[in-house]
Amino acid sequence: GENVEQHPSTLSVQEGDSAVIKCTYSDSASNYFPWYKQELGKRPQLIIDIRSNVGEKKDQRIAVTLNKTAKHFSLHITETQPEDSAVYFCAGVLNNNDMRFGAGTRLTVKP
Amino acid sequence: DTAVSQTPKYLVTQMGNDKSIKCEQNLGHDTMYWYKQDSKKFLKIMFSYNNKELIINETVPNRFSPKSPDKAHLNLHINSLELGDSAVYFCASSRGTNGYGYTFGSGTRLTVV
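Residues numbered from 1 in each chain as written. Chains lettered and ligands numbered in written order. Predicted model: local features only at pLDDT ≥ 70, side-chain atom pairs only at ≥ 80, totals over all residues. Heavy atoms only, no water.

### Observations concerning the nonpolar core
Counting 22 residues, the largest nonpolar core has A:Trp35, A:Phe73, A:Leu75, A:Tyr88 and A:Leu107 as its most contacted members. Broken down by secondary-structure element, the contributors of at least two residues to this core are strand S2 (10-14), strand S3 (19-25), strand S4 (32-38), strand S5 (45-51), strand S7 (62-67), strand S8 (72-77), strand S9 (86-94) and strand S11 (105-110) of chain A. Sorting elements by how many residues they give to this core places S3(A) first, with four residues. Core analysis: the next-biggest nonpolar cluster, separate from the first, contains 20 residues, B:Leu11, B:Trp34, B:Phe47 and B:Cys91 among them. (Core = buried A, V, L, I, M, F, W, Y, C linked by side-chain atoms within 4.5 Å. Buried < 20%, exposed > 50% of the residue type's maximum accessible area, 1.4 Å probe, protein only. Helix = DSSP H or I, 4+ residues; strand = E, 2+ residues; numbered from the N terminus.)

### Some thoughts on the packing of aromatic side chains
All chains considered together, the criterion is met by 18 aromatic pairs over all chains. Aromatic side chains A:Trp35 and A:Phe73 sit 5.6 Å apart centroid to centroid with 70° between the ring planes, which places their arrangement in the edge-to-face category. Pair noted here: A:Trp35 is in strand S4 and A:Phe73 is in strand S8, with a separation of 38 residues, a long-range link. The same class applies to A:Trp35 and to A:Phe73, which are both buried. Note on A:Tyr36 and B:Phe104: the rings are 5.5 Å apart at their centroids and 90° apart in plane angle, and the pair reads as edge-to-face. (Phe/Tyr/Trp six-rings, centres within 6.5 Å; stacked < 30°, edge-to-face > 60°.)

### Observations concerning the interface of chain B and chain A
Many descriptions give the size of an interface as the accessible area lost when the pieces come together. Contacts between the two partners involve 20 residues from chain B, matched on the other side by 20 residues from chain A. Summing both partners gives a buried area of about 1,900 Å² for chain B against chain A, and 55% of it is carried by carbon and sulfur. Its largest share of buried area at the contact with chain A, chain B owes to B:Lys41, B:Tyr100 and B:Phe104, together 28% of the area lost on that side. In this structure, the connection of chain B to chain A is made through zero salt bridges. Connecting chain B to chain A are four residue pairs in polar contact (both at pLDDT 80 or more). Elements that contribute at least two residues to the side of chain B that touches chain A include exactly strand S4 (31-37) and strand S5 (43-50) of chain B. Class assignment of the residues belonging to the side of chain B that touches chain A gives a composition of ten nonpolar, seven polar and three charged. (Contact = heavy atoms within 4.5 Å. Buried area = accessible area lost by both parts, 1.4 Å probe. Salt bridge = Lys/Arg side-chain N within 4 Å of Asp/Glu carboxyl O. Polar contact = N/O pair within 3.5 Å; in protein donor to acceptor, adjacent residues only side chain to side chain. Nonpolar A, V, L, I, M, F, W, Y, C, P; charged D, E, K, R; others polar.)

Below, the structure is given as C-alpha cells:
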C-alpha cells in the first residue's frame, strides 16, 4: 500500500462545511483513480472515479480532481451531512493490473 | 445485492485450526481478489486471480492458500490459524485487471481465540 498515500488519516468537520481528502501516487502509468466509502461494519463501496484523461469529475456534492503532473488527486465533499461520516479510501491502478488503496481517512461530520 | 458474496459472514475459531472462506461473483468479471482489513482499517491486498490464474501474491504467510476452481469463485484456505489472523477479509472482483468495476463482497470477520 505504499504506492498510494492518503491524507489526512482523520478529519472532523461541522455539518454543512466542505471536506477535502488528498492522495498522491508514485506510478506515472496509473490511469484510473476510484474513491471508496466504507460505513461502519460494511463493505467499501465505489462513490466516484476518475480516469487519467479527465481533470475533474463531479457527482452532486462529490467531486474528484486529478493532477497528473503532480501525481495527486483529491476528493471534495461539499455541504457535508452526518451520513457522510465514514472511512474513505482512495485507490490507484498501478502497472495496469494492481489496484492499491490509500490508508483511509476517517471522516466525522458533526451535526 | 449479491454481486459478490462471501461465506461465512462471521467466523470464530481457535488457534491452530484450519478454516476456509468462500467467495463467488455473478458479475461476469475476470479478476478476483482477497484483501485483509485490520483493526486500523488498512486494506491490504493478499492475492489476485485473473481467469483462474494467480497474478498477485503479496507477502502473505504460506498458511494462506487461495484456490480458484473457475473465474467466478475464489476461495481462501487458512491453515494453523494464529491470533494475528483476526481481521475482516474482503473478496472483490473487477472487469479485467485494470480495476474497472471493482466490487467488494460483504466481508468475513474472522476472530481467532
